[in-house]
Amino acid sequence: MIGASARRVWGLIYRHLCLYRRSWPRLVELAYWPILQMCIWGFTARFFTSRAVGSEHSSGLVMAATALLAGVLLWEVAIRSQMGVAISFLEEIWSRNLAHVFISPLRPWELILGLIGVAFLRVAAGVVPAILVAYLLYAFNLFTLGPVLVLFFANLMIMGWAVALGVVSLILRHGAGAEALAWSLLFGLTPLSAVFYPVSALPVWLQPISRAIPATHVFEGMRAVLLHGHVAWGQMGWAIGLNAVWLTLAGLLFASQFHAARIRGALITIGE
Amino acid sequence: MDAIRVEALTKRYGTTQAVGGISFRVRPGQTVGLLGGNGAGKSTTIAMLLAILVPTSGQIEILGHDMARDRFRALKRMNFSSPYIALPGRLTVRENLRVYGHLYSVRHTDRRIAELTEELTLGDFLDRPAGELSAGQKTRVALAKSLINRPEVLLLDEPTASLDPDTGDMVRSWLERYRRASGCSMLLASHNMAEVERLCDHVLMLQKGRIVDEGSPEALRGRYDRDTMEDVFLDIARGRGHGAQTQMTAETQS
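Residues numbered from 1 in each chain as written. Chains lettered and ligands numbered in written order. Predicted model: local features only at pLDDT ≥ 70, side-chain atom pairs only at ≥ 80, totals over all residues. Heavy atoms only, no water.

Looking at this structure, I do not really get helix 1 (residues 42–49) of chain B. What am I missing?
Think of an α-helix as turning once every 3.6 residues; residues three or four places apart then point the same way. Of all eight residues that make up helix 1 of chain B, seven are buried, and the element is covered over most of its length. Of all the residues in helix 1 of chain B, the buried ones are B:Lys42, B:Thr44, B:Thr45, B:Ile46, B:Ala47, B:Met48 and B:Leu49. (Buried < 20%, exposed > 50% of the residue type's maximum accessible area, 1.4 Å probe, protein only. Helix = DSSP H or I, 4+ residues; strand = E, 2+ residues; numbered from the N terminus.)

Here it is in structure tokens:
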């Protein structure tokens, strides 16, 4: 039973691996945006820190630049994770293959696992080159954050999955008209996620909204490691707890929209 | 046990009734045709049998499994072919068949692909992207995909649409051979009357979501006093032959 289930999940992952193996532009595109972001923010940070050399604010600016680079890299993990799930689902719509997938014995949760597997590989293909660029161009080593980096990565990926499930649910509900959300939804959360600045920089009335986002606690935790040299386990606890809540809600939303799509016949007509 | 058992199947979209309380059975090894004009409810019926569309009411049992509660057990023993649903065009034929081999948990997938390649003569384009194939080649690939799991129940939606006569005949011959060899039950939706006459033991005539007549092709031709199923189809589509239906109903009741 588990073996059959694993094979179905692998079947979906294999389908997407074949797609990437056959298309170098797709592979390049995976790494293109993370590297571009790293270049833009890396050179910006270098510019400001070079201007501050010798001044009394020098060490503070260097620390801020380090936090900025770490933030850019870690935020890419969440964005690539979300896009990995949502765009892989869209690939099935674009190739008009969705009906074949849903009349196979593939369970909806196996579909999600398969998409998550593809997203994991997309994150690796997108973020690892950007980490290398950060090291080569700016001598910034993300791994100096220590073993807690694994928790940062995991929480940001899980948040990406939750947002992607919301996007997929909206696509099931509204069809191809909701496609653009696959690229834009998580970008919209950037100002509230404390990626580049602490929550305290936000207006007081926005701070509770910001604290409801798991990424906020990851980035506050990241700054705690970089600035104070200790792991803020409380922030990690919040990130894990919020992820559990959001992922559960997103799963329930997906299940309800999937069932509604089966009632409306949307699984046959979606993308037309 | 019937291969397919459908009871009072209904599908409504708001106030529009797409399928109105149809009941039918497909016995093991039998091929049943689903005939009707555009909008008669053929595709909706097939979509409900495949569990991709939830009925408003009624019951579907396939190979003894209630599709409302236990659809995945049935889905792994059945399959579907339609020229209107594509396979990923950037994947080669072999890759596509491997994907579906995995999705249907087929043992020795590559061996099964080799068998289908020989039987459906896919060898010349097995490693070409599916999107670059001709209509006839795509239909053969779609058929190979639908047979990857050696289905006990096969649903076919116009399997020879857009094929030249030679390729169409090859596909029909292959379906006949497969049914003889495997004892597979088939439900065939088609506009090709010659195909229906050749392949089907029993025909369901659908109109506006209801079964308006049924029987073997010979019985239907005799009942409407027509030489071809095409003329029978036209009689029913244009509202002729009502007396024949009444007679049939009386015969059935007696």
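Now that the structure is up, let's keep going.
Got a minute to help me understand the packing of helix 6 (residues 148–174) of chain A against helix 9 (residues 214–228) of chain A in this structure?
A pair of packed helices is characterised by two quantities: the angle between their axes and the separation of those axes. Residues and elements named next belong to chain A. It is at 9 Å that the axes of helix 6 and helix 9 come closest, and there the two elements cross at 160 degrees. One finds that helix 6 runs roughly antiparallel with respect to helix 9. Note that helix 6 runs across helix 9; the crossing there is left-handed. Contacts from Val148, Phe152, Asn155, Leu156 and Met159 in helix 6 reach Pro214, Ala215, Val218, Phe219, Gly221, Met222 and Val225 in helix 9. Looking at the contact of helix 6 with helix 9 residue by residue, the class counts come to ten nonpolar, two polar and no charged. (Axes fitted to C-alpha atoms, helices over the stretch in contact; angles between N-to-C directions. Parallel < 35°, antiparallel > 145°, perpendicular 65-115°, else oblique. Left-handed = near helix turned anticlockwise from the far one by under 90°. Contact = heavy atoms within 4.5 Å. Nonpolar A, V, L, I, M, F, W, Y, C, P; charged D, E, K, R; others polar.)

How should the packing of aromatic side chains be read in this particular structure?
Taken as a whole and assessed by the stated rule, the structure comprises ten aromatic pairs over all chains. Centre to centre, the rings of B:Trp174 and B:Tyr178 are 5.5 Å apart; their planes meet at 15 degrees, and the pair counts as stacked. Of this pair, B:Trp174 and B:Tyr178 both sit in helix 6 (residues 165–182), four residues apart, roughly one helical turn. Each of the two residues, B:Trp174 as well as B:Tyr178, counts as buried. Cluster of aromatic residues (ring-pair linked, three or more members): A:Phe102, A:Phe254 and A:Phe258. (Phe/Tyr/Trp six-rings, centres within 6.5 Å; stacked < 30°, edge-to-face > 60°.)

Please explain the sheet that holds strand 8 (residues 185–189) of chain B as it appears in this structure.
Strand pairing in a sheet relies on backbone hydrogen bonds. The paired strands run either parallel or antiparallel. Residue and element names in this part refer to chain B. Read across the sheet, six strands follow the order 6-7-8-3-9-10 without closing on themselves; strand pairing throughout is mixed. Edge positions in the sheet fall to strand 6 (78–81) and strand 10 (210–215), since each has one partner strand and no second. Each strand axis lies, on average, 15 degrees off the axis of its neighbour in the sheet, ignoring direction. Pairing geometry for strand 3 (residues 31–35) and strand 8, over four bridges, is parallel. Bridge pairing in strand 8 links Gly33 to Leu188. On top of the sheet, helix 8 (residues 217–224) reaches strand 9 (202–207) and strand 10; it is set at about 100 degrees to strand 10, its chief contact. Where helix 9 (residues 229–237) meets the sheet, it contacts strand 3, strand 9 and strand 10, and its direction lies at approximately 30 degrees from that of strand 9. (Pairing = 2+ DSSP bridges.)

Mind showing me how you'd approach the pattern of salt bridges here?
Between side chains of opposite charge, pairing is possible as soon as their charged atoms come close. Residue and element names in this part refer to chain B. One pass over the structure, following the stated rule, counts 25 salt bridges over all chains. Linking Arg112 and Glu115 is a salt bridge whose minimum nitrogen-to-oxygen distance equals 2.8 Å. With Arg112 and Glu115 both in helix 4 (residues 109–119) and three residues apart, the pair spans about one turn of that helix. With a relative accessible area of 5%, Arg112 lands in the buried category. Residue Glu115 is classed as partly exposed on the basis of its relative accessible area of 27%. Here the salt bridges share partners, and the residues they tie into one network are Asp2, Arg5, Glu7, Arg25 and Glu61. (Salt bridge = Lys/Arg side-chain N within 4 Å of Asp/Glu carboxyl O.)

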